[in-house]
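Close look at the chain arrangement
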Amino acid sequence: MGPADVGAELAVLYRGPLASCNYDCPYCPFAKRVDPPELLRADRAALERFTGWVTATTDRRLSVLFTPWGEGLTRSWYRDAMVTLSHLPHVDRVVIQTNLAARVDWLADADLATAALWTTYHPGQVTRDRFLARCARLSELGVRYSVGVVGLPEHLAEARALRAALPGEVYLWVNAADGHRYTADQEAAWTALDPLFGWSVRPHPSLDRPCHAGETAISVAGDGTVRRCHFRPTPIGNLYDGSWRAALKPRACDAALCDCHIGYVHLKPLGLRDVFAGGVLERVPAAWPAVTPPSVRTAPPVPSPGR
Ligand code: SF4
Ligand code: SF4
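Residues numbered from 1 in each chain as written. Chains lettered and ligands numbered in written order. Predicted model: local features only at pLDDT ≥ 70, side-chain atom pairs only at ≥ 80, totals over all residues.

Considerations on the overall build of the protein chain
Inclusion rule: The numbering of helices and of strands both runs from the N terminus, where a helix is a DSSP run of H or I of at least 4 residues and a strand a run of E of at least 2. Both definitions apply: the radius of gyration is a C-alpha atom measure, and the globule rule equals 2.2 Å times residues to the power 0.38. To sort residues by exposure, count the other C-beta atoms lying within 10 Å of each residue's C-beta; 20 or more gives buried, 12 or fewer gives exposed, and values between give partly exposed, all with C-beta atoms placed from the backbone.
If you tally the helices and strands in the protein chain, you get eight helices and 13 strands. Compactness check: the protein chain gives a C-alpha radius of gyration of 18 Å against a globular reference of 19 Å for 307 residues, within 12% of the reference. Projecting the C-alpha coordinates of the protein chain onto the three principal axes gives extents of approximately 50 × 45 × 35 Å. Within the span of the protein chain, comprising 307 residues, buried residues form 43% of the whole.

Shown next, in the form of structure tokens:
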């Protein structure tokens with residue numbers, strides 16, 4: 001098994017109570033939200049408990065993706081967790097989703113064979129030059145990372161300029177904007193930047209289809225509640241009473257649609273764990289920069305109202 005071969009072992013998506021962010025994105029409910037001190041203390045304690053669980057759970061290979069509601073890397077405890085977990089021999093990958101606002105030099109203390117970043121550029125919140133300077137520092141440090149943008153029409157020019165300025169080996173992904181329908185021309189324009197945009201542009205029918213979520217991938221809340229993914233609300237166990245172990249089994253999805261990359265990347269019929277092999281959690285395709293667009297790999301997902 002290779003590094004981050006999450007198909008063979010367990011991928012853990014962790015989201016604690018933290019919901020504050022230093023940015024003010026108009027498309028985000030967590031924009032400029034401030035967490036009270038007691039919530040920050042609870043978030044820190046929960047993360048430290050989770051880090052302890054990862055450290056102690058040595059009987060399987062683990063990959064971890066931190067998916068905070070807000071921004072985690074402005075908080076020392078997320079940086080510390082990334083460094084600590086990166087050095088554990090049974091951890092294949094540790095990744096966090098970040099707006100890249102905070103300095104990244106702390107990553108020099110991490111094992112960069114294991115630590116990686118899922119970064120997102122938010123035009124209007126930071127200049128392109130400043131964001132690119134952070135990316136350049138990541139490249140200089142040797143950090144593995146992806147860069148993404150939300151595919152809103154007003155972001156297209158910035159996304160093109162960003163793609164042109166990023167090193168060719170850095171993958172730029174585009175997320176279809178919530179509630180936005182794309183014309184064929186718009187889809188083509190975004191696909192020119194991200195050849196895998198076709199996976200994001202329409203939700204994936206998932207009802208009764210087999211999904212790795214709940215088998216080799218789980219979602220964990222700050223109190224240890226385990227769900228199969230971030231999108232299905234029913235708990236299947238708890239991390240800290242050991243009940244998660246018996247909960248892991250092959251499962252079919254019970255939702256009509258799956259429309260978020262961190263979910264449908266685990267939907268078995270799509271085969272996206274192969275497309276992103278070795279980079280499932282940080283969203284780096286295995287063959288980047290020579291990836292094959294979805295339209296020639298498999299039938300495209302059916303269109304759905306509401307997007
Ligand atoms: S950076 Fe992310 S969490 Fe912060 S406001 Fe923007 S979208 Fe929301
Ligand atoms: S298909 Fe999506 S919503 Fe359904 S179980 Fe998998 S990750 Fe969750």
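Don't stop here, the text continues.
So, the environment of Ser63
Tracing the backbone through its elements, the reader meets Ser63 in strand E2 (residues 62-66). Residues Ser63 and Ala164, spaced 101 residues apart in sequence, show a C-alpha to C-alpha distance of 31 Å.

A look at the site of ligand 1
Condition: Only the C-beta atom, placed from the backbone, is used; a residue is near a molecule or strand if that atom lies within 6 Å of it. Three residue categories are used. Nonpolar comprises Ala, Val, Leu, Ile, Met, Phe, Trp, Tyr, Cys and Pro, charged comprises Asp, Glu, Lys and Arg, and polar comprises the others, including Gly.
Near ligand 1 the following residues occur: Cys21, Tyr23, Cys25, Cys28, Phe30, Ala31, Gly70, Glu71, Asn99 and His122. Residue classes in the shell around ligand 1 are distributed as six nonpolar, three polar and one charged.

Remarks on the site of ligand 2
Within the structure, ligand 2 sits among 14 residues, and Cys211, Cys229, Cys253, Cys258 and Gly263 are positioned closest to it. Residues that form the shell around ligand 2 fall into these classes: nine nonpolar, three polar and two charged.

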